[in-house]
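# Commentary on secondary and tertiary structure
For reference, the chains in residue letters:
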Amino acid sequence: MRKILTAFILLALLSGIASAAELRVGILAKLNMTQDEYREFISQGRKARAWNFFSSKIDANDLRFIYYDSLQSMQLALRTGEIDEISLPEVVAEYVMNVTGAYNISSIVKTRPSFFSFGFKKDADPALLNEFNNAILSMKEDGTLAVLQAKFIYDAGIGDPESIEFRKFDNVDKKITVAVTGDIPPIDYVAADGSAAGFNTAVVAELGKRLGVNVELIQVSAGARASAVASGRADCVFWIQGFRDVPKQADVPEGLVLSEPYYEWNEYLNLELAK
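Because the structure is a prediction, the values reported are computed rather than measured.

## Considerations on the packing of helix α5 (residues 126-141) against helix α6 (residues 144-154)
Their axes nearest at 4 Å, the elements α5 and α6 cross at an angle of 75°. When the axes of α5 and α6 are compared, the pair comes out roughly perpendicular. Where α5 abuts α6, its residues Ile136, Met139 and Lys140 lie against Thr144, Leu145 and Leu148. Here the residues of the contact of α5 with α6 sort into four nonpolar, one polar and one charged.

## Let's talk about the pairing of strand β1 (residues 23-28)
Counting buried residues in β1 gives five out of six residues, a clear majority hidden from the surface. Pairing of β1 with strand β2 (residues 63-68), which is carried by six bridges, proceeds in the parallel orientation. Its bridge partner being in β2, Gly26 is matched across the sheet by Ile66. By the bridge criterion, two bridges tie β1 to strand β3 (residues 85-89) in an arrangement that is parallel. Each bridged residue has a counterpart across the sheet, and for Val25 the counterpart in β3 is Glu85.

## A closer look at the environment of Ile187
You can see Ile187 is positioned in the loop between β5 (175-180) and β6 (189-190). Residue classification places Ile187 among the buried positions, given a relative accessible area of 0%. Remark: the alpha-carbon pair of Ile187 and Phe238, spanning 51 residues in sequence, is separated by 9.9 Å. In this structure, Ile187 is in contact with Val91, Phe116, Ile153, Ala197, Gly198, Phe199, Asn200 and Tyr263, ignoring residues within four places of it in sequence.

## What about the environment of Ala224?
One can find Ala224 in the loop between β8 (214-219) and α8 (225-230). On a C-alpha basis, the gap between Ala224 and Thr181 in space is 8.9 Å, while along the polypeptide they are 43 residues apart.

## Description of unusual backbone geometry
Pro185 connects to Pro186 through a cis peptide bond whose omega is 0°. Relative to the elements of secondary structure, Pro186 occurs in the loop between β5 and β6. Look at Asp123: it is not a glycine, yet its phi comes out positive at around 65°. In this structure, Asp123 sits in the loop between β4 (103-121) and α5.

## Observations concerning the environment of Val92
The residue Val92 is located in helix α4 (residues 90-100) in this model. Spatially, the C-alpha atom of Val92 lies 8.9 Å from that of Tyr268, the residues being 176 residues apart in sequence. Residues in contact with Val92, not counting those within four places in the same chain, are Ile184 and Pro185.

## Quick notes on the packing of aromatic side chains
Given two aromatic rings, one states the distance between the centres and the angle between the planes to describe the pair. Scanning the entire structure with this criterion turns up 13 aromatic pairs. Measuring from ring centre to ring centre gives 6.5 Å for Tyr95 and Tyr189, while their planes differ by 80°; the resulting arrangement is edge-to-face. Here Tyr95 is found in helix α4, whereas its partner Tyr189 is found in strand β6, with 94 residues between them in sequence. You'll find Tyr95 and Tyr189 in the same group, each marked buried. Put simply, the rings of Phe116, Phe118, Phe120, Phe132, Phe199, Phe238, Tyr262, Tyr263, Trp265 and Tyr268 pair up and form one aromatic cluster. Residue placement shows Arg225 over the ring face of Trp239; its charged tip is 4.4 Å from the ring centre.

Cut-offs and rules
- Residues numbered from 1 in each chain as written.
- Predicted model: local features only at pLDDT ≥ 70, side-chain atom pairs only at ≥ 80, totals over all residues.
- Heavy atoms only, no water.
- Axes fitted to C-alpha atoms, helices over the stretch in contact; angles between N-to-C directions.
- Helix = DSSP H or I, 4+ residues; strand = E, 2+ residues; numbered from the N terminus.
- Parallel < 35°, antiparallel > 145°, perpendicular 65-115°, else oblique.
- Contact = heavy atoms within 4.5 Å.
- Nonpolar A, V, L, I, M, F, W, Y, C, P; charged D, E, K, R; others polar.
- Buried < 20%, exposed > 50% of the residue type's maximum accessible area, 1.4 Å probe, protein only.
- Pairing = 2+ DSSP bridges.
- Phe/Tyr/Trp six-rings, centres within 6.5 Å; stacked < 30°, edge-to-face > 60°.
- Lys NZ or Arg CZ within 6 Å of the ring centre and 35° of its normal.

The analysis is restricted to geometry; functional conclusions fall outside its scope.
Written out as structure tokens, the structure is:
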């Protein structure tokens, strides 16, 4: 009996150690994988492609991803202890740290490049996608994208991103509706009054000028990005394109096609509450 009791105590202690080792990481919801599938996706990437995705000392079984539909709900979960860390693109993490003063960097995650693109409903309007691609390539070639990146990302201050004015074309019937979440500031940003600002807004304003069309922005939650396009509520949506050396994209569901990328980064930062 004593041996059995000792075994149960030892098992409980070991379970406690394993539980304490679990790292709960909040991320914005992926629309093409469940939380468990994403954990396996990251685990396989570490093994097969040498991704430096979280500490190599953390076993995949001890790494738990928890999805959130907004940056706000993810930060709330961190403050209430529901998760241990949040994972964000480097420029977003730096912005959030500067604005709130509430976080420390717990780890730097070096990855292959991730990209910002526009997401369109597959086969909805091939001509519009082609126009976007040509305009984005032209903005790369003439240096416009580099200027916008410097102004709205690299050289931007800590405060609210600069608001953007859209050119209004009179006697033009064609209008493009673009969905924005505001969950990737200062890249994808929505102010407290509901107006969009920052880098993505500047990019789409420039695209509207080059295409000679009027642009309307609507705000949707991160979880409703794909449905906004699929339902026709929006013509396109700002979208993160993940690593290109994978057979399946974690966040690109069926029925969505992406434009040429217009911004890329190579690091994510994991943030924890400041002690």
